[in-house]
Structure formats: C-alpha cells, structure tokens
Amino acid sequence: MTAEAAPTVATILEEAARRLREAGVPDPRREAASILAFVLGTDRGGVVARKPDSVATGSAARFAELIALRALRTPLQHLEGRAEFRGREFEGDAGVRVARPEAGGRRGVVV
C-alpha cells in the first residue's frame with residue numbers, strides 16, 4: 001500500500017477556482033489565490049511561485065473549508081479576519097460590515 005501524494009498548489013488552486021466559478025463568485029481565480037495565500041502565510045505572488053509545490057494536509061483542509069465558506073458568499077474579509085480601507089488594513093471578524101462595490105463603489109470596512 002502506497003501513500004497518496006500530497007496535492008500541489010496548482011491542483012488545489014485550479015479546483016478551488018472551478019468551485020468558486022460554479023458558485024458565481026466574481027473573479028474566482030483571484031479569490032482562490034487570495035485565500036490560499038492567506039492559508040500559506042504569503043501573498044498571491046508567493047502562491048504563483050509555489051504552484052509546483054505540494055500542500056500539507058492541514059493547510060489543504062483549511063483551504064478547502066475557507067473555499068466552501070466563500071462559495072456560500074461569506075465575505076473574503078470575514079474569512080481572513082482583516083480588511084483594507086483607504087489604504088490601511090484593519091482586523092475584524094464576522095461582526096464587521098463590509099462595503100460592497102454595488103453599494104457605492106467603496107471597498108473595505110464600513111464604520
């Protein structure tokens with residue numbers, strides 16, 4: 001019996017983008033890369049650089065959980081616990097309201 005190889009960054013990223021696309025999430029590739037960057041503790045450039053690398057089981061599981069929540073339209077800011085507003089980054093949780101582009105074009109936390 002052989003152990004199954006760990007999935008690569010590219011593999012789980014592609015699957016996540018497909019799932020978000022099917023859920024109707026705008027810009028699914030960017031969103032999937034942002035969530036994976038958060039899980040891996042890097043930025044989206046770091047995700048691109050690591051595409052051939054394997055992903056640890058725990059990180060892959062956490063990423064899958066966050067993708068499932070994003071597919072249900074949980075705001076990205078709530079998943080990551082942070083939001084950008086007027087060039088500054090703020091920590092927050094699910095109780096923080098998030099401005100939507102369709103609600104006036106501003107991005108970030110509404111206070």
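Structural notes, computed from the coordinates.

Analysis parameters
- Residues numbered from 1 in each chain as written.
- Predicted model: local features only at pLDDT ≥ 70, side-chain atom pairs only at ≥ 80, totals over all residues.
- Heavy atoms only, no water.
- Helix = DSSP H or I, 4+ residues; strand = E, 2+ residues; numbered from the N terminus.
- Expected span 1.5 Å × (residues − 1).
- Contact = heavy atoms within 4.5 Å.
- Axes fitted to C-alpha atoms, helices over the stretch in contact; angles between N-to-C directions.
- Parallel < 35°, antiparallel > 145°, perpendicular 65-115°, else oblique.
- Left-handed = near helix turned anticlockwise from the far one by under 90°.
- Nonpolar A, V, L, I, M, F, W, Y, C, P; charged D, E, K, R; others polar.
- Buried < 20%, exposed > 50% of the residue type's maximum accessible area, 1.4 Å probe, protein only.
- Core = buried A, V, L, I, M, F, W, Y, C linked by side-chain atoms within 4.5 Å.
- Salt bridge = Lys/Arg side-chain N within 4 Å of Asp/Glu carboxyl O.

**Side note on helix α4 (residues 57-71)**
The terminal C-alpha atoms of α4, which comprises 15 residues, lie 21 Å apart, in line with the 21 Å expected from a rise of 1.5 Å per residue. Those residues of α4 that are buried lie in contact with α1 (9-22), α2 (28-40) and α5 (76-80).

**Looking at the packing of α1 against α4**
The N-to-C vectors of α1 and α4 enclose an angle of 15°; their axes lie 9 Å apart at closest approach. When the axes of α1 and α4 are compared, the pair comes out roughly parallel. For the element pair α1 and α4, the recorded crossing hand is right-handed. The residues of α4 that touch α1, namely those facing Ile12, Ala16, Arg19 and Leu20, are Phe63, Ala64, Ile67, Ala68, Arg70 and Ala71. Considering only residue class, the contact of α1 with α4 consists of eight nonpolar, no polar and two charged.

**Some points on the side chain of Arg70**
Mapping Arg70 onto the fold places it in helix α4. Taking the relative accessible area as the measure of exposure, Arg70 reaches 6% and is therefore buried. If we ignore the near neighbours within four places in the chain, the residues touching Arg70 are Leu20, Val25, Glu31, Ile35, Pro75, Leu76 and Leu79.

**Some thoughts on the nonpolar core**
Formed by 22 residues in total, the largest nonpolar core has its most connected members in Ala32, Ile35, Leu36, Phe63 and Ile67. At the level of secondary structure, the elements contributing two or more residues to this core comprise α1, α2, α4 and α5. Contacts of Leu36, omitting those with residues within four sequence positions, involve Val9, Ile12, Leu13, Val47 and Phe63.

**Overview of the pattern of salt bridges**
Applying the stated criterion across every chain, the model contains seven salt bridges. Residue Arg18 pairs with Glu22 through a salt bridge whose shortest N-O separation is 2.6 Å. Here Glu22 and Arg18 lie together in helix α1, a separation of four residues that amounts to about one turn. Overall, Arg18 belongs to the partly exposed group, its relative accessible area being 32%.

**Things to note about α2**
Between its terminal C-alpha atoms α2 stretches 18 Å, which fits the 18 Å expected from 13 residues at 1.5 Å a residue. Taken residue by residue, α2 has Pro28, Glu31, Ala32, Ala33, Ser34, Ile35, Leu36, Ala37 and Val39 as its buried positions. Positive backbone phi, at 70°, marks Gly41, one or two positions downstream of α2.

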